[in-house]
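Topology and contacts: notes
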Amino acid sequence: MTSTSIFAGDLTPAQAARQITEEIRPLPVECIPLLEALDRVLASDVRSPMDVPMWDNSAPTSRRREERQRRQGRQSSCAW
């Protein structure tokens, strides 16, 4: 029994990739309300006008608080 392809004119992976990239076109950009944007892809980057979070890193802040509590003889209220 011989192996036959169900596709006429088999392509190599490189040829298939080239054909795909030559034929695809980006979708037009739409402006829609945020609540309708679920499962969509952004057309451009979104940048915050401020640093989020507003501090460098929350982990060192938590460690400093725990160390201060230990020095004062108090138990840490954090549970990890």
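Here's a quick rundown of the structure. Bear in mind that the values here come from a model prediction, so they are computed numbers and not experimental data.

1. As for unusual backbone geometry
- Backbone geometry at D39 places phi at a positive 70°, although glycine is not the residue there.
- By secondary structure assignment, the location of D39 is in the loop between α1 (13-23) and α2 (58-71).
- D39 gets classed as exposed once you look at its relative accessible area, which sits at 76%.

2. Examining the environment of L11
- The topology assignment puts L11 in the segment before α1.
- Excluding residues that lie within four positions of it along the chain, L11 makes contacts with A16 and Q19.

3. A closer look at the layout of surface pockets
- Space inside the largest pocket adds up to approximately 500 Å³.
- Forming the walls of the largest pocket are 14 residues, and the residues nearest its centre are E30, R40, V41, L42 and A43.
- Along the lines of polarity and charge, the residues of the lining of the largest pocket split into 11 nonpolar, 1 polar and 2 charged.

4. Details of the environment of S48
- Tracing the chain through its elements places S48 in the loop between α1 and α2.
- A distance of 2.6 Å separates a polar side-chain atom of S48 from the backbone oxygen of M50.

5. Some points on the pattern of salt bridges
- Applying the stated criterion to the full structure yields 3 salt bridges.
- A salt bridge links E30 to R40; the shortest N-O distance between them is 2.9 Å. Of this pair, E30 sits in the loop between α1 and α2 while R40 sits in the loop between α1 and α2, and the two are 10 residues apart along the sequence.
- Since its relative accessible area comes to 53%, E30 is described here as exposed.
- Since its relative accessible area comes to 46%, R40 is described here as partly exposed.
- The salt bridge partner of E67 is R71, with a shortest N-O separation of 3.7 Å. With a gap of 4 residues between them, E67 and R71 both fall in helix α2, about one helical turn apart.
- When salt bridges that share partners are traced, they join E67, R70 and R71 into one network.

Conventions and cut-offs
- Residues numbered from 1 in each chain as written.
- Predicted model: local features only at pLDDT ≥ 70, side-chain atom pairs only at ≥ 80, totals over all residues.
- Heavy atoms only, no water.
- Helix = DSSP H or I, 4+ residues; strand = E, 2+ residues; numbered from the N terminus.
- Buried < 20%, exposed > 50% of the residue type's maximum accessible area, 1.4 Å probe, protein only.
- Contact = heavy atoms within 4.5 Å.
- 1 Å grid on protein atoms, 1.4 Å probe; cavity = no way out; pocket = protein on both sides within 12 Å on 5 of 7 lines; lining within 4 Å.
- Points joined across faces, edges and corners; volume = space filled by probe spheres on them.
- Nonpolar A, V, L, I, M, F, W, Y, C, P; charged D, E, K, R; others polar.
- Polar contact = N/O pair within 3.5 Å; in protein donor to acceptor, adjacent residues only side chain to side chain.
- Salt bridge = Lys/Arg side-chain N within 4 Å of Asp/Glu carboxyl O.

Function cannot be read off these values alone, since they describe shape.
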